[in-house]
Amino acid sequence: DHPAARAACAALDTRTGRAALQPVPPGTPCTDVWGGPQVAHVRGYVDGRRVATAFDRTNGCEIDRWDALAALLDVPHATGPVAQVTVTMYPTGSGRGHRATLECGPTGGDHPRAEAACDALLSAAGQAALPPVPADVLCTQQWEGPEVAHLEGHVGDQKVSTRFSRHNGCEIARWRALAPVLELVPVHGWPSPVPVDR
């Protein structure tokens, strides 16, 4: 019942596809890139050999394995988008806010810059910025603006409910990593990498 069975079989029947069924050997140098939160498991038999392996997109080697068998692994997500969040931004820190929805994989919602926002949200830096700053971390005392934003929803299997500000060095770094997601209206100080229309 695979929706692209012919293409999936063709991918498995290539030398690259069969090589991708093997896990990455320990100690292999892999580029530090993040291709998304997707995870897949393949179990069964190929040419009479038992296969039981996992795939993800957490570094360059794993992305190459995934891409070699993309026709097999990229099954449409039955339960909805890869990421689905609601962004609420308060330009003055309180009072009137701006709200937008964002869906990624496929891109959707009413976010004014949905594609750039999804790129940021699903990047390695964006993923690292989602958890709050631990209470025992020392942060530089600097201030870039009064803006506050809230993010609610899910990214992959991770539930997200977190607050962002520009009130110290740690929070500023988190904000910058997700600026295309959070900045529903322009901010002052450090320039936004993505201009917004409203």
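Scroll up to find the structure.
Predicted, not measured: the structure shown is a model, and the values here were computed from it.

S.K.: What is the right way to read the pairing of strand S2 (residues 49-56) from this model?
M.R.: In summary, the side chains of a regular strand alternate between the two faces of the sheet. Two strands pair when backbone bridges link them, and strand S1 (residues 39-46) and S2 are joined in this way by eight bridges, in the antiparallel orientation. For valine 42, the partnering residue across the bridge sits in S2 and is threonine 53. In textbook terms, the turn of a hairpin is the stretch between consecutive antiparallel strands, and for S1 and S2 this stretch comprises two residues, one of which, aspartate 47, has a positive phi near 55 degrees.

S.K.: Please explain the state of the cysteines as it appears in this structure.
M.R.: Throughout this description, disulfide means a covalent bond between two cysteine sulfur atoms. Per the counting criterion, the structure on display carries three disulfides. Across the disulfide from cysteine 30 sits cysteine 61; the S-S distance is 2.0 Å. Torsion about the S-S bond of the cysteine 30 and cysteine 61 cystine: about -100 degrees, corresponding to left-handed handedness. You can see cysteine 30 sitting in the loop between helix H2 (15-20) and S1 and its partner cysteine 61 sitting in helix H3 (residues 60-68), a full 31 residues away along the chain. Note on cysteine 61: relative accessible area 16%, which makes it buried. With its sulfur 2.0 Å from that of its partner, cysteine 139 forms a disulfide with cysteine 170. Looking down the S-S bond of the cysteine 139 and cysteine 170 bridge, the torsion is -105 degrees, so its handedness is left-handed. Linking cysteine 139 in the loop between helix H6 (124-129) and strand S5 (148-155) with cysteine 170 in helix H7 (residues 169-177), this pair joins segments that are 31 residues apart in sequence. Judged by relative accessible area, cysteine 170 falls into the buried class, the value being 17%. In the protein chain, numbering the disulfide-bonded cysteines from first to last in sequence yields the connectivity 1-2, 3-4, 5-6.

S.K.: Explanation requested: the sheet that holds strand S6 (residues 158-165) in the structure shown.
M.R.: Sheet strands line up and pair through hydrogen bonds in the backbone, either parallel or antiparallel. Spatially, the four strands line up as an open sheet ordered S4-S3-S5-S6, and their pairing is antiparallel. With partners counted over all chains shown, the strands left at the sheet margins are strand S4 (98-104) and S6, one partner each. Within this sheet the neighbouring strands show an average axis-to-axis angle of 15 degrees, counted without direction. Of the pairings in the sheet, the one linking S5 to S6 comprises eight bridges and is antiparallel in character. Bridging from a neighbouring strand, glycine 153 pairs with valine 160 of S6. Across the sheet, helix H5 (residues 114-121) lies against strand S3 (83-90), S4 and S5, angled at about 70 degrees from S4, the strand it touches most. On top of the sheet, H7 reaches S3, S5 and S6; it is set at about 120 degrees to S6, its chief contact.

S.K.: Explain H3 to me, please; I cannot follow it from the model alone.
M.R.: Every α-helix winds through 3.6 residues per turn, so residues three or four apart in the chain are directed the same way. Taken as a whole, H3 has its buried residues at Gly60, Cys61, Glu62, Ile63, Arg65 and Trp66. Elements in contact with the buried residues of H3: H2, S1, S2 and helix H4 (70-73).

S.K.: Looking at this structure, I do not really get the environment of aspartate 110. What am I missing?
M.R.: Among the secondary structure elements, aspartate 110 is positioned in the loop between S4 and H5. Sequence separation of aspartate 110 and threonine 86 is 24 residues, and the distance between their C-alpha atoms is 9.8 Å. Here threonine 101 takes part through its backbone nitrogen, which lies 2.6 Å from a polar atom of the side chain of aspartate 110.

S.K.: Help me out: how do you make sense of unusual backbone geometry in this one?
M.R.: Both trends apply: most residues other than glycine have a negative phi, and most peptide bonds are in trans. With omega at 10 degrees, the peptide bond leading from glycine 105 into proline 106 counts as cis. When you line up the elements, proline 106 lands in the loop between S4 and H5.

S.K.: Before we go on, may I ask you to explain the side chain of threonine 88 in this structure?
M.R.: Mapped onto the elements, threonine 88 comes out in strand S3. Taking relative accessible area as the criterion, threonine 88 reaches 9% and is therefore assigned buried. A polar atom in the side chain of threonine 88 sits 3.1 Å from the side chain of arginine 99. Ignoring any residue separated from it by four or fewer positions in sequence, one finds threonine 88 in contact with His98, Arg99, Val148, Ala149 and His150.

Basis of the calculations
Residues numbered from 1 in each chain as written. Predicted model: local features only at pLDDT ≥ 70, side-chain atom pairs only at ≥ 80, totals over all residues. Heavy atoms only, no water. Pairing = 2+ DSSP bridges. Helix = DSSP H or I, 4+ residues; strand = E, 2+ residues; numbered from the N terminus. Disulfide = S-S within 2.5 Å. Buried < 20%, exposed > 50% of the residue type's maximum accessible area, 1.4 Å probe, protein only. Axes fitted to C-alpha atoms, helices over the stretch in contact; angles between N-to-C directions. Contact = heavy atoms within 4.5 Å. Polar contact = N/O pair within 3.5 Å; in protein donor to acceptor, adjacent residues only side chain to side chain.

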